[in-house]
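Inside the fold
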Amino acid sequence: YMKAVHILHCETDREAEGLAILKEGARAGFRPSIRVLAARVVGDPSVLGEEAGLYLKIFMREAGAGSASAANVTGTMLDRGIGTKVDPVRAANFYRIGAASGSQRAFAWLAYGFATGRLGRVDRSAAQRFVARMEREGGARAARDIVVALELGREGKRDEAGARFWAAVLRNLDKDG
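Please read these numbers as outputs of a predicted model, since none were measured by experiment.

1. A look at the overall build of the chain
Scanning the chain from N- to C-terminus turns up ten helices and zero strands. Helices and strands appear in the chain in the N-to-C order α-α-α-α-α-α-α-α-α-α. For 177 residues, the compact-globule estimate of 2.2 N^0.38 gives 16 Å, and the chain sits close to it at 17 Å. Projecting the C-alpha coordinates of the chain onto the three principal axes gives extents of approximately 50 × 35 × 30 Å. Residues counted as buried form 46% of the 177 residues belonging to the chain. Accessible area of the chain: about 9100 Å², with a carbon and sulfur share of 50%. Distance between charge centres in the chain, computed from 28 positive and 21 negative side chains, equals 5 Å.

Structure below.
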């Protein structure tokens, strides 16, 4: 475990070796390896390759034990269909675990999901609550992502009124900063 952490943080040319060590520890159920692996791959869980389904199960168990990083990577994998079928509603349940620990990534995803209807329905007030809990810079980034998604119809049909609403939220965030 410590060798893997050292490799990942100090010898970036050996990242594959460090990930392999963490994966081995995660498969053995070593919680620190699971949590570091989850934090490392949350931005791109596709690096888990063909074993993604196995790691999804491991991360789900760890998320149930309260790990925000495991909850976030589980949410990402469910949302993108990595190691499983796409399931944004189940993903939201795991992001809520991350949000309970104050995860900015979880706040942003939940705000986006509620604002765009990715979770099945649009809920502006829920989206606003998550944006309000974010640090100012992260909240502005989330609001920008929402505006673009609604303007372009990334999650279905275009929603110009929704885009205007979130553009006003973004202006207020910019004004407050």
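2. Considerations on the nonpolar core
Counting residues in hydrophobic clusters, the biggest one holds 53 residues, and the most contacted among them are L37, F59, M77, L110 and W166. Counting residues per element, this core draws most heavily on helix 7 (residues 104–116), at eight residues. The contact partners of F59, leaving out residues within four places of it in the chain, are I34, L37, A38, V41, L48, A70, V73, T74 and M77.

3. Thoughts on the packing of aromatic side chains
Centre distance and the angle of the planes are the two values used to describe a pair of aromatic rings. Enumeration according to the criterion identifies five aromatic pairs in this entry. Both rings, one in Y95 and one in W109, keep their centres 4.6 Å apart while their planes meet at 20°; by these two values the pair is stacked. Of this pair, Y95 sits in helix 6 (residues 88–100) while W109 sits in helix 7, placing them 14 residues apart in sequence. The class for W109 is buried, based on a relative accessible area of 10%. Note on F107 and F130: the rings are 6.4 Å apart at their centroids and 35° apart in plane angle, and the pair reads as tilted. One end of the pair, F107, is in helix 7; the other, F130, is in helix 8 (residues 124–132), and 23 residues separate them in sequence. A relative accessible area of 3% places F107 in the buried class. Through a chain of ring-to-ring contacts, three or more aromatic side chains come together here, namely F107, F114 and F130. It is R124 that lies over the ring of F165; its NZ or CZ is 4.4 Å from the centre.

4. A closer look at the layout of surface pockets
Left-over empty space is what a probe sized like a water molecule reveals as it rolls over the atoms. Of the voids in this model, the largest pocket is the one considered here, and its volume is about 350 Å³. In this structure, the largest pocket is lined by 17 residues; those nearest its centre are R105, A108, W109, Y112 and D145. Going through the elements one at a time, helix 5 (68–80), helix 7 and helix 9 (136–152) are the ones with two or more residues in the lining of the largest pocket. Here the element with the most residues in the lining of the largest pocket is helix 9; it accounts for six residues. Split by residue class, the lining of the largest pocket holds eight nonpolar, two polar and seven charged.

5. Examining the environment of A16
Mapped onto the elements of the fold, A16 is located in helix 2 (residues 15–27). A relative accessible area of 63% means that A16 is categorised as exposed. As a C-alpha pair, A16 and G29 span 13 residues in sequence and 20 Å in three-dimensional space.

6. Describing the pattern of salt bridges
Evaluated as defined, the whole model comprises eight salt bridges. E17 is the partner of R14 in a salt bridge, and the nearest nitrogen-oxygen pair spans 2.8 Å. Under the relative-accessibility criterion, R14 is labelled partly exposed at 27%. One salt bridge connects E160 with R158, and the closest N-O pair in it is separated by 3.5 Å. By sharing partners, the salt bridges in this structure join R31, R35 and E62 into a single network.

7. Observations regarding the environment of S33
Assignment of secondary structure puts S33 in helix 3 (residues 31–41). In the structure, S33 is positioned twelve residues away from I21 in sequence and 8.4 Å away in space, judged by C-alpha atoms.

8. Comments concerning the confidence of the model for the chain
Confidence in the prediction for the chain averages 88 pLDDT; 94% of positions are at 70 or higher. Within the chain, the element-level pLDDT minimum falls on helix 1 (residues 2–10), averaging 69, and the maximum on helix 4 (residues 52–64), averaging 95.

The rules we used
- Residues numbered from 1 in each chain as written.
- Predicted model: local features only at pLDDT ≥ 70, side-chain atom pairs only at ≥ 80, totals over all residues.
- Heavy atoms only, no water.
- Helix = DSSP H or I, 4+ residues; strand = E, 2+ residues; numbered from the N terminus.
- Rg over C-alpha atoms; globule rule 2.2 N^0.38 Å.
- Buried < 20%, exposed > 50% of the residue type's maximum accessible area, 1.4 Å probe, protein only.
- Areas by Shrake-Rupley, 256 points an atom, 1.4 Å probe, with all protein chains shown as cover.
- Lys, Arg positive; Asp, Glu negative; His and termini not counted.
- Charge placed at Lys NZ, Arg CZ, Asp CG, Glu CD.
- Core = buried A, V, L, I, M, F, W, Y, C linked by side-chain atoms within 4.5 Å.
- Contact = heavy atoms within 4.5 Å.
- Phe/Tyr/Trp six-rings, centres within 6.5 Å; stacked < 30°, edge-to-face > 60°.
- Lys NZ or Arg CZ within 6 Å of the ring centre and 35° of its normal.
- 1 Å grid on protein atoms, 1.4 Å probe; cavity = no way out; pocket = protein on both sides within 12 Å on 5 of 7 lines; lining within 4 Å.
- Points joined across faces, edges and corners; volume = space filled by probe spheres on them.
- Nonpolar A, V, L, I, M, F, W, Y, C, P; charged D, E, K, R; others polar.
- Salt bridge = Lys/Arg side-chain N within 4 Å of Asp/Glu carboxyl O.
- pLDDT = per-residue confidence, 0-100.

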